[in-house]
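# Geometric and topological summary
If you want the building blocks of each chain, they are given just below.
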Amino acid sequence: MSSPPKFTDAELADLGLERGKLPRHIAIIMDGNGRWAQAQGLPRVEGHRRGVKTVRLTVEECARLGIGQLTLYCLSSENWKRPKPELDFLMSLLEQYVIEERTEIMRQDLQFCMIGRREGLSDGVLSEVQKTLDCSANNRGMRLCLAVNYGGRSELVDAVQTLAREAVAGTLDPADISEKHIADRLYTAGMEDPDLLIRTAGEMRISNFLLWQISYAELWVTQKFWPEFRQPELHEALKSFGGRDRRFGGLNA
Ligand code: IPE
Ligand code: IPE
Ligand code: MG
């Protein structure tokens, strides 16, 4: 079983896209599952179930586009405020996803990873995640990163604790702490920052996602709910990204 073919430059051009203008790392706040379900007269969890299909389609499309990394916000550290049955459902969906997607992850040569705190995740979820991490460890294609029990502030707290321990142990002089020292102690150590942050379902907020890493990400928000997000919306986001003048505080060329 071979991986789906990558888009050629001509195919990209047909989509209105240019390879050199694609983001290297896309991060997505996959929001609106509950509202989508409610609008269909379905229970909220049905929205989460349907959202998994969008995940599959989006992962495959990004891999075919040659995107380097796709980071998906699956569960925030704040989402624990939700009712237990919904959380249990989300956990079983995650476990099912990492089991069922193993074949696809291998077929598409994806480098799988997960960021966030492991506490609170069941042994079942953690062991299935570990199996997927292990079997995909030598893959070289797009990095697929799931943010689970992730919070940008708790990630910074964890990094600060690590730095403080190193300072106390005498292996790091506080005066030497640089941006790189911080970045290297985040869950995303070694990864590039997202260039493009997509949020579905219309909210204009970050919801504690990748606070450090998105300092210069381009933002793109669609009204579409996550279960109805499809390739045309992704392509629209990429077209918008390709047309942005990214000045990084400087002046345009
Ligand atoms: C996003 O959809 C999925 C998670 C946060 C787990 P929501 O469940 O937040 O859907 P809405 O925002 O209530 O519609
Ligand atoms: C953000 O969505 C978290 C995920 C998509 C996993 P939320 O639905 O939790 O965000 P808020 O509550 O609208 O900020
Ligand atoms: Mg939401």
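Residues numbered from 1 in each chain as written. Chains lettered and ligands numbered in written order. Predicted model: local features only at pLDDT ≥ 70, side-chain atom pairs only at ≥ 80, totals over all residues. Heavy atoms only, no water.

## As for the pairing of strand E4 (residues 143-150)
Cut-off, in case you're wondering: Buried means the residue's accessible area, taken with a 1.4 Å probe over protein chains only, is under 20% of the maximum for its type, while exposed means over 50%, and partly exposed covers the values in between. Comment: elements are numbered from the N terminus, with helices defined as DSSP H or I runs of at least four residues and strands as E runs of at least two. One requirement defines pairing of two strands: DSSP has to find at least two bridges between them.
Summarising burial for E4: seven of the eight residues are buried, a large majority. Bridging between strand E2 (residues 69-76) and E4 involves seven bridges; their strand directions are parallel. The partner of Thr71 across the bridge, within E4, is Cys145. One ladder, built from five bridges, connects strand E3 (residues 111-115) with E4; its direction is parallel.

## Some details on the site of ligand 2
The following threshold applies: Summary of the distance rule: residues count as near a molecule or strand when at least one heavy atom falls within 4 Å of that molecule or strand. We call two N or O atoms a polar contact when they sit within 3.5 Å, provided that within protein one can donate a hydrogen and the other can accept it, with sequence-adjacent residues counted only if both atoms are side-chain atoms. Here the accessible surface of atoms and residues is derived via Shrake-Rupley with a 1.4 Å probe, and residues count as covered only by protein chains that are part of the display.
Near ligand 2, the surroundings consist of Ile29, Met30, Asp31, Tyr73, Cys74, Leu75, Ser76, Asn79, Arg82, Arg199, Arg205 and Ser207. Side-chain polar atom of Arg82 to an oxygen atom of ligand 2: 3.3 Å apart, as the coordinates give it. Arg199 is positioned such that a nitrogen or oxygen atom in its side chain is 3.4 Å from an oxygen atom of ligand 2. Burial of ligand 2 by the protein chains amounts to 78% of its free accessible area of 390 Å².

## A closer look at the state of the cysteines
What counts here: The term disulfide is used for any two cysteine sulfur atoms that are within 2.5 Å.
Counting across every chain of the model gives zero disulfides. In this structure Cys62 is not part of a disulfide, and its nearest cysteine sulfur, from Cys145, lies 13 Å away. The class of Cys62 is buried, set by a relative accessible area of 0%.

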